[in-house]
Amino acid sequence: MNPIEIEVKFHLEDVPSTRDRILRLGAEPKGRFFEKNIRYEDAQETLFRNKSLLRLRQDQKATLTFKSEPPQQDRDFKVHQELEVTVDHFETTDRILQALGFHRAQTYEKWRETFSFGGTVCCIDMLPFGAFLEIEGDRDAIRDVARGIGLPWESRILSNYLALFDGLKRACNLPFSDITFDNFKTVHLDEDQIRQLIADRMHQHRG
């Protein structure tokens, strides 16, 4: 498996039409699943300071992932090194990580529907604060798929969901750090807030 992952995201305001366009391209649906993710950190926040991520995910299986910065930065795509392994038991893996000195730093949830198309994987992600499309593959294929779906390339997002939430938390003075559907039950966000958040993140990456 290639340890370099290349992707971009797009904010979606009309999920059904985007899904229809993905299917019209000939993409193969792979199912829709609920995800629970736990981000781990050590006492010195070494992972955060090194721009790395240690994550345990539960959907139809349990997966342990480590992400780190790539050898070279890319201004057009979100690129990182990724090491990933399927584990047999979510709770036991969580206990092992905590026994090794890591703690649960953040929990985040989403519904993800996955589509396979040629050399790309398209994921429609429903998070508590909005809907997004993630396209993963090689650079040319990602551009081709985005163009085929009708998404303006200049509207792509290079931040991860945790960074988007961090901006939203500061802008809206949210009192929690876990991105769960329960936490957002009493939070009322409008599309203008989300658009501004996306615009701010895009400006930071292109500035």
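Residues numbered from 1 in each chain as written. Predicted model: local features only at pLDDT ≥ 70, side-chain atom pairs only at ≥ 80, totals over all residues. Heavy atoms only, no water.

**Some details on the environment of glutamate 35**
Along the chain, glutamate 35 turns up in strand β2 (residues 28–41). Assessed through its relative accessible area of 2%, glutamate 35 is described here as buried. Separated by 92 residues in the primary sequence, glutamate 35 and leucine 127 have C-alpha atoms spaced 10.0 Å apart. Only 3.5 Å separates the side chain of glutamate 35 from the side chain of asparagine 37, close enough to count as a polar contact. (Helix = DSSP H or I, 4+ residues; strand = E, 2+ residues; numbered from the N terminus. Buried < 20%, exposed > 50% of the residue type's maximum accessible area, 1.4 Å probe, protein only. Polar contact = N/O pair within 3.5 Å; in protein donor to acceptor, adjacent residues only side chain to side chain.)

**A short note on the sheet that holds β2**
Taking strand neighbours around the barrel as the criterion, the eight strands line up as β1-β5-β4-β3-β2-β6-β7-β8 in a closed arrangement whose pairing is antiparallel. Taken pair by pair, the neighbouring strands of this sheet meet at an average axis angle of 35°, ignoring direction. By the bridge criterion, seven bridges tie strand β6 (residues 103–117) to strand β7 (residues 120–127) in an arrangement that is antiparallel. Looking at the pairing, threonine 114 lines up with cysteine 123 of β7. Packed onto the sheet, helix α1 (residues 15–24) meets β1 (4–12), β2, β6, β7 and β8 (130–136) and runs at close to 165° relative to β7. (Pairing = 2+ DSSP bridges. Axes fitted to C-alpha atoms, helices over the stretch in contact; angles between N-to-C directions. Contact = heavy atoms within 4.5 Å.)

**What about the nonpolar core?**
Membership of the largest hydrophobic core comes to 21 residues, with the highest contact counts inside it found for Val8, Ile22, Leu133 and Ile135. Of all elements in the fold, only β1, β7, β8 and α4 (139–149) reach the threshold of two or more residues within this core. Ranked by size, the runner-up nonpolar core spans 19 residues in total, among them Leu53, Ile157, Tyr161 and Leu197. (Core = buried A, V, L, I, M, F, W, Y, C linked by side-chain atoms within 4.5 Å.)

**A word on helix α5 (residues 161–172)**
Because an α-helix packs 3.6 residues into every turn, residues spaced three or four apart end up facing the same way. In this model α5 runs 16 Å from its N-terminal to its C-terminal C-alpha over 12 residues, within 8% of the 16 Å that 1.5 Å per residue would give. Along α5, the residues that are buried comprise Tyr161, Leu162, Ala163, Leu164, Phe165, Gly167 and Leu168. Backbone nitrogen of leucine 162 and a side-chain oxygen of the N-cap are separated by 3.1 Å at the start of α5; the cap is asparagine 160. A positive backbone phi angle near 55° is found at asparagine 173, which sits one or two residues after α5. (Expected span 1.5 Å × (residues − 1).)

**Some thoughts on the layout of surface pockets**
In this approach a probe as big as a water molecule rolls over the atoms, and the regions it shows empty are the leftover space. Roughly 240 Å³ of internal volume is contained in the second largest pocket. Along the wall of the second largest pocket there are 14 residues; nearest its centre are His11, Leu12, Glu13, Leu151 and Ser155. Elements with a contribution of two residues or more to the lining of the second largest pocket: β1, α1 and α6 (191–206). Of the residues assigned to the lining of the second largest pocket, the class counts are six nonpolar, four polar and four charged. (1 Å grid on protein atoms, 1.4 Å probe; cavity = no way out; pocket = protein on both sides within 12 Å on 5 of 7 lines; lining within 4 Å. Points joined across faces, edges and corners; volume = space filled by probe spheres on them. Nonpolar A, V, L, I, M, F, W, Y, C, P; charged D, E, K, R; others polar.)

**Side note on the packing of aromatic side chains**
Counting across every chain of the model gives 11 aromatic pairs. Considering the side-chain rings of phenylalanine 34 and phenylalanine 181, the 6.4 Å spacing of their centres and the 45° angle between planes classify their relative orientation as tilted. With a gap of 147 residues between them, phenylalanine 34 in strand β2 and phenylalanine 181 in the loop between α5 and α6 connect regions that are remote in the sequence. Taken together, the ring pairs connect Phe129, Phe132, Tyr161, Phe165, Phe176 and Phe184 into an aromatic cluster. Sitting above the plane of the tyrosine 161 ring, lysine 9 keeps its charged end 4.7 Å from the centroid. (Phe/Tyr/Trp six-rings, centres within 6.5 Å; stacked < 30°, edge-to-face > 60°. Lys NZ or Arg CZ within 6 Å of the ring centre and 35° of its normal.)

**Regarding the pattern of salt bridges**
By the definition in use, this model includes 20 salt bridges. For the salt bridge of lysine 67 with glutamate 82, the shortest nitrogen-to-oxygen distance reads 3.6 Å. Placement of the pair is lysine 67 in strand β4 (residues 62–68) and glutamate 82 in strand β5 (residues 78–87), with a sequence separation of 15 residues. Considered together, lysine 67 and glutamate 82 belong to a single accessibility category, that of buried residues. Shared partners join several salt bridges into a network, and the residues in it are Glu7, Lys9, Glu35, Arg57, Lys78, Lys110, Arg112, Asp125 and Glu134. (Salt bridge = Lys/Arg side-chain N within 4 Å of Asp/Glu carboxyl O.)

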